[in-house]
Amino acid sequence: MRNRRLTDFLDRDSGWEEFDGYTTGRLFWDGRAHVDEIVFPSKGFSGLTLRLYEPETAEWTLNWSHSGTGRLDPPVRGRFGPDGTGEFFGDDAYAGRPVRVRFRWSGITADTARWEQAFAPAGTQAWVTNWVMDFSRA
């Protein structure tokens, strides 16, 4: 996986860093649950994502944990549209400031996918896309 990430998640002009990573995952519950580990060798950390489908709302929750903190971040919630693009929203904090979080999945094929993260200061729609991962099957 190829990563592009802003050095400051709320500052478009902070500059992008690029680095590689890899992920392994596993499906559970007939595809209604998924766990993956994402490893960033050059960064010295990894992440864990737990995705759960809720049949009563027809939504997914995406739950992220970072090896540096060992805690589960607040989830984002959403669904995939007819075109296969998924949008997921939640509330969190960045650098002590409340933010709205958006994850977007797109370009999903058998061998590729794109994930984008964006933050907006709470109460605004001033989205800053701050991390993009381009996945390809090895």
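Residues numbered from 1 in each chain as written. Predicted model: local features only at pLDDT ≥ 70, side-chain atom pairs only at ≥ 80, totals over all residues. Heavy atoms only, no water.

For the chain, the count of helices and strands is zero helices and eleven strands. When the helices and strands of the chain are read in sequence order from the N terminus, they spell out β-β-β-β-β-β-β-β-β-β-β. Taken over C-alpha atoms, the radius of gyration comes to 15 Å for the chain, in line with the 14 Å a tight globule of 138 residues would show. Each of the three principal axes of the chain carries a C-alpha extent, and together these read 40 × 35 × 30 Å. Here the chain holds 138 residues, and the buried ones make up 38% of them. (Helix = DSSP H or I, 4+ residues; strand = E, 2+ residues; numbered from the N terminus. Rg over C-alpha atoms; globule rule 2.2 N^0.38 Å. Buried < 20%, exposed > 50% of the residue type's maximum accessible area, 1.4 Å probe, protein only.)

Close approach of charged atoms lets side chains of opposite charge pair. Per the counting criterion, the structure on display carries 13 salt bridges. Of the charged contacts in the structure, one is a salt bridge between Asp134 and Arg114, with a shortest N-O distance of 2.7 Å. Here Arg114 lies in strand β10 (residues 112-121) and Asp134 lies in strand β11 (residues 128-136), a separation of 20 residues in the sequence. Residue classification places Arg114 among the partly exposed residues on the basis of a relative accessible area of 31%. One salt-bridge network, in which partners are shared between bridges, spans Arg2, Arg4, Glu18 and Asp20. (Salt bridge = Lys/Arg side-chain N within 4 Å of Asp/Glu carboxyl O.)

The backbone phi angle of Trp29 is positive, close to 50°, even though this residue is not glycine. Relative to the helices and strands, Trp29 resides in the loop between β3 (22-28) and β4 (33-40). Accessibility expressed as a relative area gives 54% for Trp29, which makes it exposed. The phi angle at Ala95 is positive, at roughly 50°, despite the residue not being glycine. Note on placement: Ala95 falls in the loop between β8 (86-94) and β9 (97-106).

Checked against the element boundaries, Thr49 lands in strand β5 (residues 45-54). What makes Thr49 buried here is its relative accessible area of 5%. When sequence neighbours within four positions are dropped, the list of residues in contact with Thr49 reads His34, Val35, Asp36, Asn63 and Trp64. (Contact = heavy atoms within 4.5 Å.)

Further remarks concern the layout of surface pockets. When its volume is computed, the largest pocket comes out at roughly 810 Å³. Considering the residues around the largest pocket, the lining is formed by 27 residues, among which His34, Asp36, Trp105, Ala113 and Phe135 are closest to the centre. For the lining of the largest pocket, the secondary structure elements donating two or more residues are β3, β4, β6 (59-66), β10 and β11. With six residues, β3 is the largest single contributor of residues to the lining of the largest pocket. (1 Å grid on protein atoms, 1.4 Å probe; cavity = no way out; pocket = protein on both sides within 12 Å on 5 of 7 lines; lining within 4 Å. Points joined across faces, edges and corners; volume = space filled by probe spheres on them.)

Geometry of an aromatic ring pair is reported as the spacing of the ring centres plus the angle between the planes. A full pass over the atoms with the stated rule returns 14 aromatic pairs. Ring plane angle 20° and centroid distance 5.4 Å describe the contact between Phe9 and Tyr94, whose orientation is recorded as stacked. Here Phe9, found in the loop between β1 (2-6) and β2 (16-20), pairs with Tyr94, found in strand β8; they are 85 residues apart in sequence, far enough to count as distant. For Phe9, a relative accessible area of 14% gives the class buried. Taking 5.3 Å as the distance between ring centres and 55° as the angle between the ring planes, the aromatic pair formed by Tyr53 and Trp60 counts as tilted. When its relative accessible area of 28% is taken as the criterion, Tyr53 is described as partly exposed. For Trp60, a relative accessible area of 17% translates into the label buried. An aromatic cluster of three or more residues is present, and its members are Phe9, Phe19, Phe40, Phe45, Tyr94, Phe103, Trp115, Phe119 and Trp131. (Phe/Tyr/Trp six-rings, centres within 6.5 Å; stacked < 30°, edge-to-face > 60°.)

This is a description of form; function is not addressed.
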